[in-house]
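# Fold and geometry: a report
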Amino acid sequence: MRLNWLRSSRVEDRFETWIAERHQERVLAGETTPSGPHPDEAFLRDLARKSKRISLADSRVDHAAICPICMSKLLTLRREYRSHHQRLVFATAIAACALVIVGAVVTYRAVQKSPAIANTAVVSQTVNLWDAGTVRGEQPGELQSVSLSAASVRLKIILPRFSPAGRYAVSVTRDQTGTGALAQATADTIAEGQQETLSVNLDLHRAAAGAYFLATTHEQDQAAYYYPLQIK
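The paragraphs below set out a description of the structure included in this document. Everything numeric here is computed off the predicted structure, so don't read it as measured data. (Residues numbered from 1 in each chain as written. Predicted model: local features only at pLDDT ≥ 70, side-chain atom pairs only at ≥ 80, totals over all residues. Heavy atoms only, no water.)

## Quick word on the side chain of E196
You can see E196 is positioned in strand 7 (residues 195–203). Buried and unpaired, E196 has no salt bridge, with K156 as the nearest side chain of opposite charge at 11 Å. Among the polar contacts listed, one links the side chain of E196 to the side chain of T189, at a separation of 3.3 Å. (Helix = DSSP H or I, 4+ residues; strand = E, 2+ residues; numbered from the N terminus. Buried < 20%, exposed > 50% of the residue type's maximum accessible area, 1.4 Å probe, protein only. Lys, Arg positive; Asp, Glu negative; His and termini not counted. Salt bridge = Lys/Arg side-chain N within 4 Å of Asp/Glu carboxyl O. Polar contact = N/O pair within 3.5 Å; in protein donor to acceptor, adjacent residues only side chain to side chain.)

## A look at the sheet that holds strand 7
Pairing in this open sheet of four strands is mixed, and the strands run 1-3-7-6 from one edge to the other. Each edge of the sheet is formed by a strand with only one pairing partner; in this case those strands are strand 1 (122–128) and strand 6 (190–192). When the angles between neighbouring strand axes are averaged without regard to direction, this sheet yields 30°. The pairing of strand 1 with strand 3 (residues 152–158) spans seven bridges and is classified as parallel. Residue V123 lies in a different strand from strand 3, and its bridge partner there is V153. (Pairing = 2+ DSSP bridges. Axes fitted to C-alpha atoms, helices over the stretch in contact; angles between N-to-C directions.)

## A look at helix 3 (residues 59–66)
With six of eight residues buried, helix 3 is to be regarded as a mostly interior element. Taken residue by residue, helix 3 has V61, D62, H63, A64, A65 and I66 as its buried positions.

## Thoughts on the nonpolar core
Ranked by size, the top nonpolar core spans 25 residues in total, and within it L155, I157, V172, L202, L204, L214 and L229 carry the most contacts. At the level of elements, strand 2 (146–148), strand 3, strand 4 (167–173), strand 5 (183–188), strand 7, strand 8 (210–218) and strand 9 (225–231) are the ones that each hand at least two residues to this core. With 12 residues, the next largest nonpolar core counts F43, L44, M71 and L74 among its residues. (Core = buried A, V, L, I, M, F, W, Y, C linked by side-chain atoms within 4.5 Å.)

## Some details on the packing of aromatic side chains
Here the structure, examined in full by the defined rule, presents one aromatic pair. Aromatic side chains F213 and Y226 sit 6.3 Å apart centroid to centroid with 85° between the ring planes, which places their arrangement in the edge-to-face category. Placement of the pair is F213 in strand 8 and Y226 in strand 9, with a sequence separation of 13 residues. Given the relative accessible area of 18%, F213 is considered buried. On the basis of relative accessibility, which here comes to 7%, the residue Y226 falls in the buried class. (Phe/Tyr/Trp six-rings, centres within 6.5 Å; stacked < 30°, edge-to-face > 60°.)

Geometry only, nothing functional implied.
Dropping the structure here:
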């Protein structure tokens, strides 16, 4: 019986090499009749899969090395084991490649989002309306023009002289009717000496450069005060 499959020099095949040598020794010595009953398939399967854990002194190993029936089963089980092992190695390699690809995609997306994150960095700005004249609603008049960045703005507003304390709604609108608000927030005034100030967050990073209005509305006053605003 040819046992070329047992000639591998790998550590896991050393036991199979010993089986082949044992078989050849017994055949050359004329010992072709195995002793004892045939080992059950569970033992042969264990022998095929976990040969390094089997004791060489086990009489069933001696039997399998001589018996052509057991050797045939052992060869079949060994081929099945190797085929299963190869599929397992292949599946593991595919899974590893998939993880590498997923990691690359996640990294790429994170890099792609970095500029957007940078663009939403908070910018602190102050608008001083202390000496500004105020015009309510759509009344004409020369108003102080203010400027804000196209960014996420942490805005401090110094309200006009004699402005009442309390809660204010602050918004950025396209016109003096209050429609088309780009951003809005509410805050309570903070007294700083004779001045009343507001601090609000306005997200303007998606606003196109151009002319808008900054509106403030006191909680007890339905009319808004509009200030010409340039977003740059």
